[in-house]
Each structure stands twice: as C-alpha cells, then as structure tokens.
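Secondary and tertiary structure notes
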Amino acid sequence: MIDLDQETWIYLTIIAVFLAYFIWNSGRARKIKKQRKNRNFRKRYHQRKKENESDSLIK
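To keep things clear, this report deals only with the structure shown in the data block. Treat the numbers as computed from the prediction; the structure is a model and nothing was measured. (Residues numbered from 1 in each chain as written. Predicted model: local features only at pLDDT ≥ 70, side-chain atom pairs only at ≥ 80, totals over all residues. Heavy atoms only, no water.)

Digging into the overall build of the chain
- In terms of regular secondary structure, the chain is built from one helix and zero strands.
- On C-alpha atoms alone, the chain measures out to a radius of gyration of 25 Å, which is more than a quarter above the 10 Å that the 2.2 N^0.38 rule sets for 59 residues.
- Taken along its principal axes, the extent of the C-alpha atoms in the chain is 85 × 15 × 5 Å.
- Residues counted as buried form 0% of the 59 residues belonging to the chain.
- As displayed, the chain offers around 6,200 Å² of accessible surface, 61% of which is attributable to carbon and sulfur atoms.
- Across the chain, the mean location of the 15 positive side-chain charges is 16 Å away from that of the 6 negative side-chain charges. (Helix = DSSP H or I, 4+ residues; strand = E, 2+ residues; numbered from the N terminus. Rg over C-alpha atoms; globule rule 2.2 N^0.38 Å. Buried < 20%, exposed > 50% of the residue type's maximum accessible area, 1.4 Å probe, protein only. Areas by Shrake-Rupley, 256 points an atom, 1.4 Å probe, with all protein chains shown as cover. Lys, Arg positive; Asp, Glu negative; His and termini not counted. Charge placed at Lys NZ, Arg CZ, Asp CG, Glu CD.)

Below is the structure:
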C-alpha cells in the first residue's frame, strides 16, 4: 500500500471533494438548462397558438 503522511491525505481529500462537486454541479447545470429550454419552447408555442386564435377571430 502507498505510505502517505496525513497532510498528503488531507490534500487528496480536498481535491476529491472539489472534483465531486464540479461533476455534480455540471450535471445539475445541464438539467437546469434543459428545463429552461423546454419552458421557453412551451411559452413560445402557447404565444403563437394564442396569436393564431386571435387572428382567426379577427378574420
């Protein structure tokens, strides 16, 4: 087994925590971006639908 002193283990633990946080955060950011994209798409769809309905009532 690798024989490392306590300070080295602390540094390795800190690095591992930061890596885990960044990996977790990137997945979360990707999910939030996808939700925002879908929400904007639905908003534009409903706006277009409302405009088309109002145009058909005017004609």
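And the narrative resumes.
Section: a nonpolar patch on the surface
- Residues I10, Y11, I14, F18, Y21, F22 and W24 make up a contiguous nonpolar surface patch of roughly 790 Å² in combined accessible area.
- In this structure, W24 sits in helix α1 (residues 6-58). (Patch = residues over 30% accessible without salt bridge, like charges linked within 9 Å, V, L, I, M, F, W, Y side chains within 5 Å. Salt bridge = Lys/Arg side-chain N within 4 Å of Asp/Glu carboxyl O.)

Digging into the packing of aromatic side chains
- For the coordinates displayed, the defined rule picks out three aromatic pairs.
- Measuring from ring centre to ring centre gives 6.5 Å for F18 and F22, while their planes differ by 25°; the resulting arrangement is stacked. Of this pair, F18 and F22 are both found in helix α1, four residues apart, which corresponds to roughly one turn of the helix.
- Taking the relative accessible area as the measure of exposure, F22 reaches 52% and is therefore exposed.
- Relative to F22, the ring of Y21 lies with its centre 5.6 Å away and its plane at 65°, an arrangement referred to as edge-to-face.
- Residue Y21 is classed as partly exposed on the basis of its relative accessible area of 43%. (Phe/Tyr/Trp six-rings, centres within 6.5 Å; stacked < 30°, edge-to-face > 60°.)

Some thoughts on a positive patch on the surface
- Residues K33, K34, R36, K37, R39, R42 and K43 make up a contiguous surface patch of positive charge.
- Relative to the helices and strands, K37 resides in helix α1.
- The exposure class of K37 is exposed, given its relative accessible area of 61%.

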